[in-house]
Amino acid sequence: MTVPRPHTAEGAAALDRLLAEPSTAVLAFDFDGTLAPIVADPRDARAYPGVTTELARLSPLVASVVIITGRPAGLAVEYGGLDGVDGVVVLGQYGRERWEAGRLEAPEPPPGVRLVRDELPELLRRHDAPEGTWIEDKGHALAVHTRRTPAPEAALTLLRGPLTELAERAELTVEPGRMVIELRPPGMDKGAALTRFVTERGAASVLYAGDDLGDLAAFDAVAALRGAGVAGLTVCSGSDEVTALADRADLVVDGPPGVAALLGSLRAALESAPPRG
Ligand SMILES: O=P(O)(O)OC[C@H]1O[C@H](O[C@H]2O[C@H](CO)[C@@H](O)[C@H](O)[C@H]2O)[C@H](O)[C@@H](O)[C@@H]1O
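Everything numeric here is computed off the predicted structure, so don't read it as measured data.

Draft legend 1. Highlighting the sheet that holds strand β9 (residues 180–184). Read across the open sheet, the 4 strands follow the order β6-β7-β9-β8; overall the sheet is antiparallel. The strands lining the two open edges of the sheet, one partner per strand, are β6 (134–137) and β8 (173–177). Averaged over all neighbouring strand pairs, the angle between strand axes comes to 20°, with direction disregarded. Across 5 bridges, β8 lies against β9 in antiparallel orientation. Its bridge partner being in β9, Thr173 is matched across the sheet by Arg184. Across the face of the sheet, helix α5 (residues 152–170) comes into contact with β7 (142–145), β8 and β9 while running at roughly 5° to β9.

Rendered as structure tokens:
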């Protein structure tokens, strides 16, 4: 199984560096839509078959494997079976939380989160949110999901204005995503989280794979890291729902099955590489 070739020169150079010097490479992944297929109920999301095993085999071959997700870190660990991946780090809630070796670090949520928690049900009633609209309370943030309504895009359009107004009053950030609008604390995003982690590890190369609008900040971070001499490869887990990432990515694969295949090909290439030295 050969590793698919990125279609950009920068991406191809980063892949070559990653394969030549894996011990200085960071492999970073989003969770939903990238490692786990999108499902109607967020509580049913699980890693695509084979993904966790491939991550576990890749982890000792590279500097670090890190998951950067909008999910609470503990939930991503549970849904992804990530406690079976030695050395993995999970940066949850867009980088506010850090899970590593079974320990979770998280700051207190800002007071605006409580305000949103208190007001959101009444706001949805007042604006006739359709049947199927669902509030996901993530402790540090709240997400309003419309995937299970009869017309998810129309429901998002209906709620976008009122949710933005509430977020402003609560001094929170609006994070749009796949059939979801999240109200979350400002001051951190996946780009800042990725930059901090790559710098902490002193990596010479980074691969970042994502599928949703929240991953664009990480793509921006990869571009900035290139300017600082870190070889960067962006991978889009492609879908019909979000096209903005495919336009920016060095490599586009076919959703979580494509990501799983990419992991397998990387692992096979690294395992078969002759020892260096
Ligand atoms: O950063 P991610 O790991 O991609 O997490 C982003 C959000 O993903 C989840 O919602 C999305 O996946 C659900 C399950 O497939 C799907 O039902 C929903 O429509 C998607 O928006 C999650 O529920 C959010 O908390 C995450 O922030």
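That was the structure; now back to the text.
Draft legend 2. Quick peek at the site of the ligand. Within the structure, the ligand sits among 24 residues, and Phe31, Asp32, Pro42, Thr69 and Gly70 are positioned closest to it. The set of elements that each furnish at least two residues to the shell around the ligand consists of β7 and β9. Tallied by class, the residues present in the shell around the ligand amount to 9 nonpolar, 6 polar and 9 charged. Here the shell around the ligand gathers at least three residues from each of two domains, domain 1 (9–107 + 188–272) and domain 2 (112–184).

Draft legend 3. Geometry of the pairing of strand β1 (residues 25–29). Taken across its 5 residues, β1 has 5 buried, putting it largely inside the fold. Covered by surrounding structure in β1 are Ala25, Leu27 and Phe29 together with Val26 and Ala28, the residues of both alternating faces. Examined bridge by bridge, β1 and strand β10 (residues 205–210) share 5 bridges and lie parallel to one another. Paired with Val26 across the strands is Val206, a residue of β10. For the crossover that starts at β1, traverses helix α2 (residues 51–58) and ends in the parallel strand β2 (residues 64–68), the hand is right-handed.

Draft legend 4. Focus on the domain arrangement of the protein chain. Domains assigned within the protein chain are domain 1 (9–107 + 188–272) and domain 2 (112–184). Once you take the C-alpha centre of each, domain 1 and domain 2 turn out to be 27 Å apart. Contacts between domain 1 and domain 2 engage 14 residues on the former and 14 residues on the latter.

Draft legend 5. Structural detail: the sheet that holds β10. Overall, mixed pairing links the 8 strands, which are arranged β5-β4-β3-β2-β1-β10-β11-β12 in an open sheet. Of all strands in the sheet, those with a lone pairing partner are β5 (103–105) and β12 (251–253), marking the two edges. In this sheet, neighbouring strand axes are inclined to one another by 20° on average, regardless of whether the strands run parallel or antiparallel. In the packing of helix α3 (residues 73–80) onto the sheet, the strands contacted are β2, β3 (89–92), β4 (97–100) and β5, and the crossing angle to β3 comes to about 130°.

Draft legend 6. A look at the environment of Val65. Assignment of secondary structure puts Val65 in strand β2. Taking the number of C-beta atoms within 10 Å as the measure of exposure, Val65 has 25 and is therefore buried. Separated by 10 residues in the primary sequence, Val65 and Leu55 place their C-alpha atoms 7.5 Å from one another. Those residues within four positions of Val65 in sequence are excluded, and the remaining contacts are Leu27, Leu55, Leu58, Ser59, Val85, Gly87 and Val88.

Draft legend 7. Structural context of the packing of helix α4 (residues 112–126) against α5. At their nearest, the axes of α4 and α5 sit 9 Å apart, and the two run at 150° to each other. As the angle between them shows, α4 and α5 are arranged roughly antiparallel. Here α4 runs over α5; the crossing is right-handed. Only Pro162, Leu166 and Ala170 of α5 make contact with α4, whose side of the interface consists of Gly112, Leu115, Val116, Glu119 and Leu123. Classifying every residue of the contact of α4 with α5 by side-chain character gives 6 nonpolar, 1 polar and 1 charged.

Criteria and thresholds
- Residues numbered from 1 in each chain as written.
- Predicted model: local features only at pLDDT ≥ 70, side-chain atom pairs only at ≥ 80, totals over all residues.
- Pairing = 2+ DSSP bridges.
- Helix = DSSP H or I, 4+ residues; strand = E, 2+ residues; numbered from the N terminus.
- Axes fitted to C-alpha atoms, helices over the stretch in contact; angles between N-to-C directions.
- Contact = placed C-beta atoms within 7 Å.
- Near = placed C-beta within 6 Å.
- Nonpolar A, V, L, I, M, F, W, Y, C, P; charged D, E, K, R; others polar.
- Domains from an automatic or database assignment.
- Buried ≥ 20, exposed ≤ 12 C-beta atoms within 10 Å, placed from the backbone.
- Right-handed = clockwise from strand over helix to strand, strands pointing away.
- Parallel < 35°, antiparallel > 145°, perpendicular 65-115°, else oblique.
- Left-handed = near helix turned anticlockwise from the far one by under 90°.

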